[in-house]
Structure formats: structure tokens, C-alpha cells
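Letter by letter, the chains look like this.
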Amino acid sequence: MRGFGEAVYEYIRANVPEEDILTEEPMSRHTTFRIGGEAACFIRISSEEQLRKLIPYFENVGVEYFVLGKGSNLLVGDKGYPGVILQISDACQQIEAEGNRLQVQAGAALSKVAFFAMERGLEGLEFAAGIPGTVGGGVVMNAGAYGGEMKQVVESVRVLSSEGEILTLDNDTMEFGYRTSIIRNRNFTVLSVTFQLREGNREEIRARIEDFQKRRMEKQPLNYPSAGSTFKRPEGYFAGKLIMDAGLRGFQIGDARVSDKHCGFVINVGKATARDVTDVIEEVQEKVRERFGVSLEREVIYLGKF
């Protein structure tokens, strides 16, 4: 295995089935941007127990790792990732309902959970129906849309510390902020989430979901690979409008392009490289800062070597 000693590889094989271990795996296969070089090691995780064995071990021996969900909101460098990618697989997506609460494993898709809640007449997660990520990733980023965010519906989060300890964090302890949480600042891995929802009318909930989906289809460039919104919303402004007003609608380097449909998205119109994307992002940041004195902060996460 490139970059690792045989002892590391043997430990991984002792705890993960051989078919779930991939080496030199192109990350373009696992990101919504469809961009990224090879990961030295890519592991499909099918249980919490695997995480409890692998993460403390990697910490102890100094192996770099990254926990991956659906690969949205992520740009992997063209030179790849030198460590281990731990992808939370579809085996970790169980959803259980108890009254107005949902107990959800980290690998469940946000859209799946939103529809699950709708079918049971539970409201509060409608905003999440179109977000292309997992519950785990959504909690880490405090994902939100159309006036809703995870902070409003999360009761508690079970996490794994880098030492292998399982902790339960309540809503206040999560330190939710705009596209952030305590998990972004601490070396925690989300295992499962408890949502506290409200009883509602199923048809009204369905109508709200359909309205949000229609608006998303009309306004966002969903027909192209992207990482979702590229920039955070600067206080008092909208990133997309600043970019448009700076004359950057359709600005393109290589196959990375500022979307004509929504300037807040950088899209992959063909075979864009990570370098193409970062060049577009940096040019946008520079032009908006020059024109309006506003610094746009990236929402998309950079991973690996560029």
C-alpha cells in the first residue's frame, strides 16, 4: 500500500473485509464535483465498531485520515490524498422513529430522512430534502436551506473521539453556527443523530418539500457537477449577487465555470481539474474584494494535495 507500512495495512485488513479496501482509488468517483486525484487508501465503513478500531489506531501511528459521506461540499486536489479515506457506507443509514424523535445513523442521506419524516407526519426537516449529503456531514456543517438548518432540529449527536470514546453532545454543546459546529473544530466523528421534530400535516409537509425542490431546480445548476454553494453568505450580502455584479457570471478557467444560472456555484462543465476550480475561486475572491471590499469565504472544503 503506497505510503503505509505493512503493519498498517495488516491492521486494516484484520478489521475490514478485503473487498471494502481499495488502494490508489480515484476520488473523482466519490465527490459530487467529479474531481480529485487518488486516495492512497479508501475504506468503505459498514459499522461503528470499525470506526472505533481504526480511528484511534490511525491517531496513534500518525496515519492521516478523512471521514467521507456523499462527497458533497468537497474538493479533492489533483495530486490526491496521501492518507486513508473512511467512507460511511450505505450500511450505516438506519432510521428509527419514536414519537416525534428520529434516531438516525450518520450515513443516511438527508433527503431520505426528510421524506421518512414526511411519511410519518413530522415536520421540521423539509429544508433538507434537497441537500445532497448525509446526516453526519449535515451536522458537521450545520447544513441549511430556505430558512431551515440542522441547529433547529438536532436534539443530540453521538460522536466518536479520536481516542475511541463515544460521547453524546446536546444541541447547546454542539456550538452550531453558520455552516459550522464544534465537530469542525474538534476531532470528532459523527455516529448518529437524534432529531426532535413536530407533529404536522403530511400533505402540507409534502407541499413544502415539493416547493423547495421546485425552487432548487429553477435556481441552481443541478445539471452540472459541483460541490454545492461555493461560498458562505457574507453578512449583509448574497455571494451570488456580489459575483454577478462583479461581472463574473460565466467566468471560466479550463472546465471550471461560474454558473450562469446561479453565480454562487462553481461548476464542472467537462473535465475540470481541482486547479481549474481553485483558480476560479481565487479570481472571484480577488475581484469581489477589489470591487466591493467584501471577502468571500469558501464553503467548499479543500482536501489533499493540489
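Below you will find a few notes about this structure.

Definitions and limits used
The residue count restarts for each chain, going from 1 along the sequence in the order it is written. Two thresholds apply to this predicted model, a pLDDT of at least 70 for residue-level local features and 80 or more for giving and counting side-chain atom pairs, whereas whole-chain, interface and lining totals are computed over all residues. Side-chain figures throughout are based on the complete set of non-hydrogen atoms in the structure, without hydrogens or water. By definition, any uninterrupted DSSP run of H or I lasting at least four residues is a helix, any uninterrupted run of E lasting at least two residues is a strand, and each is numbered from the N terminus. An expected span of 1.5 Å times one less than the residue number is assigned to each helix. Under the scheme applied here, a residue whose accessible area is under 20% of the maximum for its type counts as buried, over 50% as exposed, and between as partly exposed, the area being computed with a 1.4 Å probe on protein chains only. Every residue pair with non-hydrogen atoms within 4.5 Å of one another is taken to be in contact. The rule for a salt bridge is simple: a side-chain nitrogen of Lys or Arg has to be within 4 Å of a carboxyl oxygen of Asp or Glu. Buried and open spaces are told apart on a 1 Å grid over the protein atoms alone, a cavity being a set of points where a 1.4 Å probe fits but cannot get out and a pocket being an open set with protein on both sides within 12 Å along at least five of seven lines. Residues with an atom within 4 Å of a point are the lining residues. Grid points are joined across faces, edges and corners, and a volume is the space filled by probe spheres set on the points. Polar here means any residue outside two lists: the nonpolar Ala, Val, Leu, Ile, Met, Phe, Trp, Tyr, Cys and Pro, and the charged Asp, Glu, Lys and Arg; Gly therefore counts as polar. Between N-to-C directions, angles cover 0 to 180 degrees, with each direction set by a line fitted to C-alpha atoms, over the stretch in contact for helices. If an angle is under 35 degrees, it is roughly parallel; if it is over 145, roughly antiparallel; if it lies from 65 to 115, roughly perpendicular; otherwise it is oblique. When DSSP finds at least two bridges between two strands, those strands are taken to pair. Joining through side-chain atoms within 4.5 Å is the link that ties buried Ala, Val, Leu, Ile, Met, Phe, Trp, Tyr and Cys residues into a set, and such a set is a nonpolar core.

Each full turn of the α-helix corresponds to 3.6 residues, which orients residues three or four apart in the same direction. Helix length check: helix 2 (residues 48-61), at 14 residues, gives a terminal C-alpha distance of 20 Å against a target of 20 Å (1.5 Å per residue), a fit within 8%. Buried within helix 2 we find Gln-50, Leu-51, Leu-54, Ile-55, Pro-56, Tyr-57 and Phe-58. The secondary structure elements touched by the buried residues of helix 2 are helix 1 (6-15), strand 2 (38-45), strand 3 (65-68), strand 5 (81-88), strand 11 (154-160) and strand 13 (189-196). Once helix 2 ends, the next one or two residues include Gly-62, with phi positive near 75°.

The next subject is the pattern of salt bridges. Under the definition given, this model contains 20 salt bridges. One salt bridge in this structure joins Glu-48 and Arg-158, with 2.9 Å as the shortest N-O distance. Of the two residues, Glu-48 is situated in helix 2 and Arg-158 in strand 11; the sequence distance between them amounts to 110 residues. A salt bridge links Asp-260 to Arg-257; its shortest N-O distance comes to 2.7 Å.

What follows deals with empty space enclosed by the protein. Tallying each qualifying case throughout the model produces 1 cavity of 30 Å³ or more. By volume, the largest cavity is sized at about 70 Å³. Of all the secondary structure elements, the ones that give two or more residues to the lining of the largest cavity are helix 2 and strand 13. Residue composition of the lining of the largest cavity, grouped by class: 7 nonpolar, 3 polar and 1 charged.

Below, the discussion takes up helix 3 (residues 110-119). Buried within helix 3 are the following residues: Leu-110, Val-113, Ala-114, Phe-116, Ala-117 and Met-118. Each element contacted by the buried residues of helix 3 is listed here: strand 6 (95-98), strand 7 (101-105), strand 8 (122-123), helix 4 (135-141), strand 13 and helix 6 (202-219). Residue Gly-121 follows helix 3 closely and has a positive phi angle near 70°.

Orientation of helix 1 relative to helix 2, taken along the N-to-C sense of each, is 170°, at an axis distance of 10 Å. Relative to helix 2, the element helix 1 is oriented roughly antiparallel. Where helix 1 abuts helix 2, its residues Ala-7, Val-8, Tyr-11, Ile-12 and Asn-15 lie against Gln-50, Lys-53, Leu-54, Tyr-57, Phe-58 and Val-61. In terms of residue class, the contact of helix 1 with helix 2 is made up of 8 nonpolar, 2 polar and 1 charged.

With that settled, consider the sheet that holds strand 17 (residues 266-268). Read across the open sheet, the 3 strands follow the order 15-16-17; overall the sheet is antiparallel. Every interior strand has two partners, whereas the edge strands, strand 15 (252-253) and strand 17, have only one. In the sheet, strand 15 pairs with strand 16 (residues 256-258) via 2 bridges, with the strands oriented antiparallel. Bridge pairing in strand 16 places Ile-253 opposite Ala-256. Each of strand 15, strand 16 and strand 17 is contacted by helix 8 (residues 274-292), which is oriented at about 30° to strand 16, the strand it contacts most.

Note on soluble globular proteins: their nonpolar side chains tend to be buried together. Core analysis: the largest hydrophobic core is formed by 38 residues, its most contacted members being Leu-102, Leu-125, Val-139 and Phe-195. For this core, the secondary structure elements donating two or more residues are strand 7, helix 3, helix 4, strand 11, helix 5 (182-185), strand 13 and helix 6. Listed in part, the 24 residues of the second largest apolar core include Phe-231, Ala-256, Val-284 and Val-300.

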